[in-house]
Amino acid sequence: MRVYDIILKKRRGHELSKDEIDSMINGFTRGDIPDYQMSAWLMAIFFQGMNVQETRDLTMAMALSGETVDLSCIQGVKVDKHSTGGVGDKTTLVLAPLVAAAGVPVAKMSGRGLGHTGGTLDKLESIPGFTVDLSKDEFVEAVNTVGIAVVGQTASVAPADKKLYALRDVTATVDSIPLIASSVCSKKLACGADAIVFDVKTGAGAFMKSEEDAFRLAELMVDIVKGAGRKGAAIVSNMSQPLGFAVGNSLEVREAIDTLRGAGPRDLTDLCLSLGSLMLVLGGKANDTEKARAILVNTLETGAALSKFADLVSVQGGDVEVARTPDNILPSARCLEAVPSLHSGYVSSIDAERIGVASMILGAGRKTKDDTIDPAAGIMVLKKIGHKVEQGEPLVMLHTNNWDTLEQAAQLVMSAYEISRDKPDVPRLITRVIEN
C-alpha cells in the first residue's frame, strides 16, 4: 500500500484499517517513510480525527514498535498511574508509597520534566544517592522485595512515540486528542502494567485547558487500555492553580513527606486518596472506592505509607534519613525572596502555568531536554485562591541559587495573581471520575 494513498484516505476523513496504520508506524520507525509524508499524515489526523478503533490500533502499533516490558514475575496486580502534567504535581511521590503500603505492588516507569511541568524522576533525584537507573532485574527485584520501585523509561520502549512526538512538536499537531491518547497509552501498555489510572489535568496550568476536552481524553484513554485487555480508570482534576504549595524538586519532596506524615495540603492529600482508591479497586484490594479510601487513610495514620516511602528510597540507593529529617538531607537554595501583593483583598485566580514558568526560570525546570536543573530551586506558594491578602503581604517565596533570575521570576509571579474585593469560590479539585 502506498503512503500517498493512506494520507489521502485520512485527509478525506475516511477510517483507516489496522494494516494501514501499522504500515505507517512501522515504516516511519524503520526510517522508510520520510518526515514530510508523516507530517502530512499527522496533519490529516489533526483535522479529521480518529475514531476509537483507529486510536486503539495506532496505540498498539506504537506500543509494539520496540521493547515491551514483562512484569509477570512480579506478584500481584500491577497498577500504574499517569498524570498529564501540571504545576506542583508531586502526586506520584505520595501515591506510590501510599498504594504500595496497602498491598498493591507499584512498578512505575516515569519521565523527566520539560517546560513548566515537573518530572517525577527529577524530584526523586533531589534525594542524595537516589538512582532511577535500575536494570530490569533490579527493578523487578525491588518491587518483589519492598513492593515499590520508580525508574526511568528506557529508550527502547515505544520508539515510534518518541519519533512521532518530535515531529508533532514542530508541526503544530501536538494538541490532537487521538494523538495525545495514543502517545500516553502506548508507553503505559508497553511498560507492562495490568491496570492504569489516569489523572487528566485541566485548567490554566494544564495541557488540556478545557474541562470537556480533558474528559474526552480521559474517556478515550480508559477505552484504549480496556480494549487492550487491561483495566483502566481516570480522574479529571483541576490545575487552575498549583497543586499543594511547593513547586520545584526538593521543595516538592519535602511536601510529599509532610503529606505521608498526614500533615500535607488538603488538595494534594485528597487527590492522592482519590487516585489511590481507584488503584486499590483495580488491584483487587477493595470492592469499592469508599472501602479503599479507608484503607489508605489507615496507612497514613499508622505511618505505614511513610515507612514505604523510606523503603523506596533505601532500595534505590538514596539517603533514607530523608524520610525522618528532610530539611537536613535535601538541598536548599541560598537565595530566598518574597513576592508581595500589590493590593489588598482575596486571591481570585492564579495562572498556574506562569508559576510553573517562573519556577523553571529560577532553575527548577528545563527549557530544552539537555538543560541542567537545580534541585533546590522553586517556589513556595503562600496564598492560594480564596485566601485573604493584605497589600505588601507575600504571595510566594522564590528559591534559587542564581540571584539574576529573581527579578524576571518575580514579575511573572505578580502577573499570575489576580486580587479581588470579594471572596471567590474555590474551584472543585476533582470534576469527573471514570471507573472501570
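Provided above is the structure to which this section pertains.
A few points on the structure. Everything quoted here is computed from the prediction, not taken from an experiment.

## Topic: the layout of surface pockets
By volume, the second largest pocket amounts to about 320 Å³. Lining the second largest pocket we find 15 residues, and of these Gln241, Asp267, Lys384, Val426 and Pro427 sit closest to its centre. Broken down by element, the lining of the second largest pocket gets its largest block of residues, 3 residues, from helix 12 (residues 266-282). Here the lining of the second largest pocket is built from residues that sort into 7 nonpolar, 4 polar and 4 charged.

## Remarks on the sheet that holds strand 8 (residues 345-350)
Sheets are built from strands paired through backbone hydrogen bonds, the pairs being either parallel or antiparallel. The strand order across the open sheet built from 3 strands is 10-8-12, with neighbouring strands paired in antiparallel fashion. Among the strands making up the open sheet, the edge pair consists of strand 10 (388-389) and strand 12 (417-420). As judged from the 4 bridges shared by strand 8 and strand 12, these two strands associate in the antiparallel manner. Looking at strand 12, one finds that Tyr346 is bridged to Ser420. Taken strand by strand, helix 17 (residues 406-416) contacts strand 8 and strand 12, and its axis lies near 40° from that of strand 12.

## Some words on helix 3 (residues 35-48)
Between its first and last C-alpha, helix 3 extends 20 Å over 14 residues, near the 20 Å set by a 1.5 Å rise per residue. Taken as a whole, helix 3 has its buried residues at Met38, Ser39, Trp41, Leu42, Ala44 and Ile45. Residues of helix 3 that are buried make contact with helix 1 (3-11), helix 2 (18-30), helix 4 (52-63), helix 8 (159-170) and helix 9 (177-190). Phi turns positive one or two residues past the end of helix 3, at Gly49, with a value near 75°.

## Section: the pattern of salt bridges
Applying the stated criterion across every chain, the model contains 25 salt bridges. Where Lys10 meets Glu54, a salt bridge forms, and the shortest distance between an N and an O atom there is 3.0 Å. With Lys10 in helix 1 and Glu54 in helix 4, this residue pair connects regions lying 44 residues apart in the sequence. Taking the shortest distance from any N to any O, the salt bridge between Asp22 and Lys18 comes out at 2.7 Å. Of this pair, Asp22 and Lys18 both sit in helix 2, 4 residues apart, which is roughly one turn of that helix. Residue Lys18 is classed as partly exposed on the basis of its relative accessible area, which comes to 47%. Within the structure, one salt-bridge network assembled from shared partners comprises Asp80, Lys108 and Lys188.

## Some thoughts on the environment of Ala96
Of note, Ala96 is situated in helix 5 (residues 91-101). Residue Ala96 is classed as buried on the basis of its relative accessible area of 4%. Considering only alpha carbons, one finds Ala96 and Gly129, 33 residues apart in sequence, at a separation of 19 Å. The residues touching Ala96, leaving out its near neighbours within four places in the chain, are Val106 and Ile148.

## A closer look at the nonpolar core
Counting residues in hydrophobic clusters, the biggest one holds 80 residues, and the most contacted among them are Ile379 and Leu398. Broken down by element, the residue count for this core peaks at 9 residues, all from helix 12. Setting aside chain neighbours within four positions, we find Leu398 in contact with Cys335, Leu336, Glu337, Val339, Leu362, Gly378, Ile379, Leu406, Ala409, Ala410 and Val413. Counting 40 residues, the second-largest nonpolar core is a separate cluster that includes Leu71, Val157, Leu217 and Val225.

## Considerations on the packing of aromatic side chains
Note on aromatic pairs: each is described by the distance of the centres and the angle between the planes. Scanning the entire structure with this criterion turns up 1 aromatic pair. For the pair Phe46 and Phe47, a centre-to-centre distance of 5.2 Å together with 85° between the ring planes defines the contact as edge-to-face. The class for Phe47 is exposed, based on a relative accessible area of 64%. Between Lys388 and the ring centre of Tyr346, over which it is positioned, the NZ or CZ distance is 5.1 Å. It is Arg432 that lies over the ring of Phe215; its NZ or CZ is 4.0 Å from the centre.

So, how was this worked out
Residues numbered from 1 in each chain as written. Predicted model: local features only at pLDDT ≥ 70, side-chain atom pairs only at ≥ 80, totals over all residues. Heavy atoms only, no water. 1 Å grid on protein atoms, 1.4 Å probe; cavity = no way out; pocket = protein on both sides within 12 Å on 5 of 7 lines; lining within 4 Å. Points joined across faces, edges and corners; volume = space filled by probe spheres on them. Helix = DSSP H or I, 4+ residues; strand = E, 2+ residues; numbered from the N terminus. Nonpolar A, V, L, I, M, F, W, Y, C, P; charged D, E, K, R; others polar. Pairing = 2+ DSSP bridges. Contact = heavy atoms within 4.5 Å. Axes fitted to C-alpha atoms, helices over the stretch in contact; angles between N-to-C directions. Expected span 1.5 Å × (residues − 1). Buried < 20%, exposed > 50% of the residue type's maximum accessible area, 1.4 Å probe, protein only. Salt bridge = Lys/Arg side-chain N within 4 Å of Asp/Glu carboxyl O. Core = buried A, V, L, I, M, F, W, Y, C linked by side-chain atoms within 4.5 Å. Phe/Tyr/Trp six-rings, centres within 6.5 Å; stacked < 30°, edge-to-face > 60°. Lys NZ or Arg CZ within 6 Å of the ring centre and 35° of its normal.

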